[in-house]
Amino acid sequence: MSFFKKLFGSKDSKPKNDASQEMTYEQIPWMTEARLKVIDICLKAGFRPARSLPTDLGRELRPTVEIANRLHAIKAMVLWVLVPQENVSDEAILTFVDQNKLTEFMTVDEIQILNTARDDESLRNSIGWKFENAWPLAWYFGFEAPEITGEMMSGELMQEILLNYTCSLDETVANWIKDKEVISEEILTQKEDLFYCLHNAVRSAQLGKDTVPEGFHPVGNGGVIHERRHALTWMLSKGVKWEDTDLST
């Protein structure tokens, strides 16, 4: 998968001076213990989020079935684009999507994928971003935690999700989740806050600030952080459509 090659600005640019930049994280009036733990993880990994980030973001967990439906909507798209038709037929995928009403958890552009030829090369070059969305969703159902390095997810990990952390095409999603243990809301909230802070550091780096680890590509690796954060924030954005998720930092 190709990345954007142009950086937004230079890392040599100096950050603006303001009062919040002169204070330590511990001195911020609204700082919480939970956020300080997140900041500690960020700093040890080489990410430097802004000190002014709010801690009360008003997140609300959406129903488990919606999280599962979004994961399986991604599964349908990945199968359509990457798996040969002789292995999984069009009919099998489309029937699965229809029976589980998965288009309700796709954007307009994503629905169009299912109306596109399965050997379309442009889709093959872009579908990897869906891997990054899928990782946090699968983590909610027991898969390993998404990494913060910005390295793209491998095809092998995505294959493991498809085989072991989603239901088969002849099963319903609603039935699949009945016996599934999920991550607690507290742990999910902590993970989302971590990626919120990482995303802030990435956005600052894209504007030329020195806020990410050495060798971290603000646009390429930053895109990975963005996509994983999107899934995590959406999971805690009850009633909000995927494309309307608030990804401000």
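Our subject is the structure listed above.
Cut-offs used in this document
Residues numbered from 1 in each chain as written. Predicted model: local features only at pLDDT ≥ 70, side-chain atom pairs only at ≥ 80, totals over all residues. Heavy atoms only, no water. Core = buried A, V, L, I, M, F, W, Y, C linked by side-chain atoms within 4.5 Å. Buried < 20%, exposed > 50% of the residue type's maximum accessible area, 1.4 Å probe, protein only. Helix = DSSP H or I, 4+ residues; strand = E, 2+ residues; numbered from the N terminus. Contact = heavy atoms within 4.5 Å. Axes fitted to C-alpha atoms, helices over the stretch in contact; angles between N-to-C directions. Parallel < 35°, antiparallel > 145°, perpendicular 65-115°, else oblique. Left-handed = near helix turned anticlockwise from the far one by under 90°. Nonpolar A, V, L, I, M, F, W, Y, C, P; charged D, E, K, R; others polar. Expected span 1.5 Å × (residues − 1). Arc of directions from axis to C-beta. Phe/Tyr/Trp six-rings, centres within 6.5 Å; stacked < 30°, edge-to-face > 60°.

Draft legend 1. Local environment of the nonpolar core. In this structure, Met106, Leu137, Phe141, Met153, Met158, Leu198 and Met235 are the most contacted members of the largest nonpolar core, which totals 69 residues. Elements represented by at least two residues in this core include exactly α2 (33-45), α3 (64-82), α4 (90-99), α7 (128-140), α8 (155-164), α9 (173-176), α10 (185-206) and α11 (220-235). Counting residues per element, this core draws most heavily on α3, at 11 residues. Look past the residues within four positions of Leu137 in its chain and what remains in contact with it is Ile67, Arg70, Leu71, Ile74, Ala231, Trp234 and Met235.

Draft legend 2. Geometry of the packing of α7 against α8. Direction vectors running N to C along α7 and α8 enclose 50 degrees, while the axes themselves pass 11 Å from each other. Classed by the angle they form, the pair α7 and α8 counts as oblique. The hand of the α7/α8 crossing is left-handed. Across the interface between the two elements, Phe131, Ala134, Trp135 and Ala138 of α7 pack against Gly155, Leu157, Met158 and Ile161 of α8. Class assignment of the residues belonging to the contact of α7 with α8 gives a composition of seven nonpolar, one polar and no charged.

Draft legend 3. Inspection of α2 at higher detail. Taking 1.5 Å of rise per residue, 13 residues should cover 18 Å, and α2 covers 19 Å from first to last C-alpha, within 8% of that figure. Taken together, the buried positions of α2 are occupied by Arg35, Val38, Ile39 and Cys42. Along the long axis of α2, the arc covered by the buried residues comes to 100 degrees, so they all point the same way. Turned more than 90 degrees away from the buried face of α2 sit Glu33, Lys37 and Lys44, all of them exposed. On the buried face of α2, the contacting elements are α10.

Draft legend 4. Quick peek at unusual backbone geometry. Of note in this structure, Lys101 is not a glycine but carries a positive phi near 55 degrees. Taking the relative accessible area as the measure of exposure, Lys101 reaches 51% and is therefore exposed.

Draft legend 5. A look at the environment of Glu104. Mapped onto the elements, Glu104 comes out in the loop between α4 and α5 (108-113). For the pair Glu104 and Val173, spaced 69 residues apart in the sequence, the C-alpha separation amounts to 14 Å.

Draft legend 6. Spatial organisation of the packing of aromatic side chains. Inspection of the entire model under this criterion finds six aromatic pairs. Aromatic side chains Phe143 and Tyr165 sit 5.1 Å apart centroid to centroid with 65 degrees between the ring planes, which places their arrangement in the edge-to-face category. In this pair, Phe143 sits in the loop between α7 and α8 while Tyr165 sits in the loop between α8 and α9, placing the two residues 22 residues apart along the sequence. Within the aromatic cluster, the residues linked to one another by ring pairs are Trp135, Phe143 and Tyr165.

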